[in-house]
Amino acid sequence: MGISSVFVYILVTSFLSLEVTMLGSCANCANGDLSVTELTDVRIEFVKQQILKKLRLSKKPAVALPLNSLPMPVAQGQTLSDRVDKPPEFDDYYGRTEQKIIFPVEGECLTSGRYPYKCLKFELPPDVQPEEVNVVELWFYKERDPLDEYNQTFVISEAAHWDSQQQFKKTKPIAIKETDIGEGWVRVELAWAVRVWLEGRERLHNLHVACRTCQLRRSPLSFHEKHRPFLVLYTKYAGKRRQGRALECSATTSECCREPLYVSFKELGWDDWIIRPAGYHAYFCKGSCAPISAVTNTDSYHHNIIRKYFYSVTDRKAEFKPCCAPTTFSSLQLLYMDSTNTVTQKTLPNMVVESCGCM
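Residues numbered from 1 in each chain as written. Predicted model: local features only at pLDDT ≥ 70, side-chain atom pairs only at ≥ 80, totals over all residues. Heavy atoms only, no water.

Per an unreviewed UniProt entry, the recorded name for the protein is TGF-beta family profile domain-containing protein, and the organism is Arctia plantaginis. Recorded in UniProt for the protein, the comment headed Sequence similarities (unreviewed entry) runs: "Belongs to the TGF-beta family." (UniProt positions renumbered as here; feature names shortened; annotations may be inferred.)

If you want it as structure tokens, here you go:
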């Protein structure tokens, strides 16, 4: 087999991969005698298995924390990245982490100070590298204070701990936040400090959050179930990919086109661990394709290669029947809870059919 033949063989077999087969639709794409309903069920099952594999899971995680108890910004998807300056689609099979959400618990501090405060105890995830961290935000819900008519000032410090000689307690301020919010969510950037902690492989931490201007003696920082604080670590991969265009199927369309296929996570019984989205449009390809002679008459680089190869192998020319199959895919962004009660956002490649063509 010559170099050009090997290239075409790799090209054709890569297009006719399992993903193309299951999301394409024609007789020579291994659909067999399945009914429309059966084929839809098979496609949805295939999508389920792809999601689990790309998340490196063998089954859905056992989640102890009910999703309806999550802080509102997390439950409503307010932490999801919506930037469009993401690098081109990556080639990885597995999902790429875009954010981690950690839920601190109310802890104890060695020192109290003269200002109302709360201490937040948490553990950084072991699978995030310091060079990957782009933005880190501490979200906390501020309750009302009599002095809210003026801007309030919060000081966030690395909570007091004994120094290396166990001689005295150290408290290190890492951020100051001035806000005019009377009641609501406050966000504080902590990327620099978190990168330092990750570089030093320090995972257990306490944050001392004090209000320097509040009148009340109690801290205005809420730990109510829907208002409890959380920490969001965004990686440099965060952002949404622009979608392409495709010929959509309709009642009058018979040629190769893109057909809707909606996957509902509630219907799958996955709404107890997948936070966002509620489901997504995976799509699949269906429709007729012209014979090889018509396809290879198209003046394009890939069709010229196919024409030269199949016309040089006469005994295989008749066997090749073009199939309506996906030609481009895009990613799916998933926000989910794992078995450690950590919320993660990942981008799963090749989960949405963007365009179809005859292969």
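Trainee: Please clarify how the pairing of strand β3 (residues 117-123) should be interpreted in this entry.
Mentor: Strand residues, when the strand is regular, have side chains that alternate between the two faces of the sheet. Two strands pair when backbone bridges link them, and strand β2 (residues 105-107) and β3 are joined in this way by three bridges, in the antiparallel orientation. Within β3, the residue paired with Gly107 across the bridge is Cys119. Where β3 lies against strand β8 (residues 204-211), seven bridges are found, and the strand directions are antiparallel. Looking at β8, one finds that Tyr117 is bridged to Ala210. (Pairing = 2+ DSSP bridges. Helix = DSSP H or I, 4+ residues; strand = E, 2+ residues; numbered from the N terminus.)

Trainee: Looking at this structure, I do not really get the pattern of salt bridges. What am I missing?
Mentor: Tallied over the entire structure, the rule returns twelve salt bridges. Where Lys60 meets Asp272, a salt bridge forms, and the shortest distance between an N and an O atom there is 3.2 Å. Here Asp272 lies in the loop between β11 (262-264) and β12 (274-276) and Lys60 lies in the loop between α3 (36-54) and α4 (72-75), a separation of 212 residues in the sequence. Exposure remark for Asp272: the relative accessible area of 36% places this residue in the partly exposed category. (Salt bridge = Lys/Arg side-chain N within 4 Å of Asp/Glu carboxyl O. Buried < 20%, exposed > 50% of the residue type's maximum accessible area, 1.4 Å probe, protein only.)

Trainee: Is there a simple way to explain the packing of aromatic side chains in this structure?
Mentor: What describes a pair of aromatic rings is the distance from one ring centre to the other and the angle between the planes of the rings. Applying the stated criterion across every chain, the model contains eleven aromatic pairs. The interplanar angle of 15° and the centroid separation of 6.4 Å between the aromatic rings of Phe265 and Trp270 together place this pair among those described as stacked. Its relative accessible area of 1% is what places Phe265 among the buried residues. Ring plane angle 80° and centroid distance 5.8 Å describe the contact between Trp273 and Tyr336, whose orientation is recorded as edge-to-face. (Phe/Tyr/Trp six-rings, centres within 6.5 Å; stacked < 30°, edge-to-face > 60°.)

Trainee: What is the right way to look at the state of the cysteines in this model?
Mentor: Two cysteines, two sulfur atoms, one covalent bond between them: this is a disulfide. All told, the structure shown has five disulfides when counted by the stated rule. The partner cysteine of Cys285 in its disulfide is Cys356, sulfur to sulfur 2.0 Å. Where Cys285 bonds to Cys356 through sulfur, the torsion about that S-S bond is close to -80°, and the disulfide is left-handed. Of the two residues, Cys285 sits in strand β14 (residues 284-286) while Cys356 sits in strand β16 (residues 343-358), which places them 71 residues apart along the sequence. Given the relative accessible area of 0%, Cys285 is considered buried. One disulfide in the model links Cys289 with Cys358; its S-S distance is 2.2 Å. (Disulfide = S-S within 2.5 Å.)

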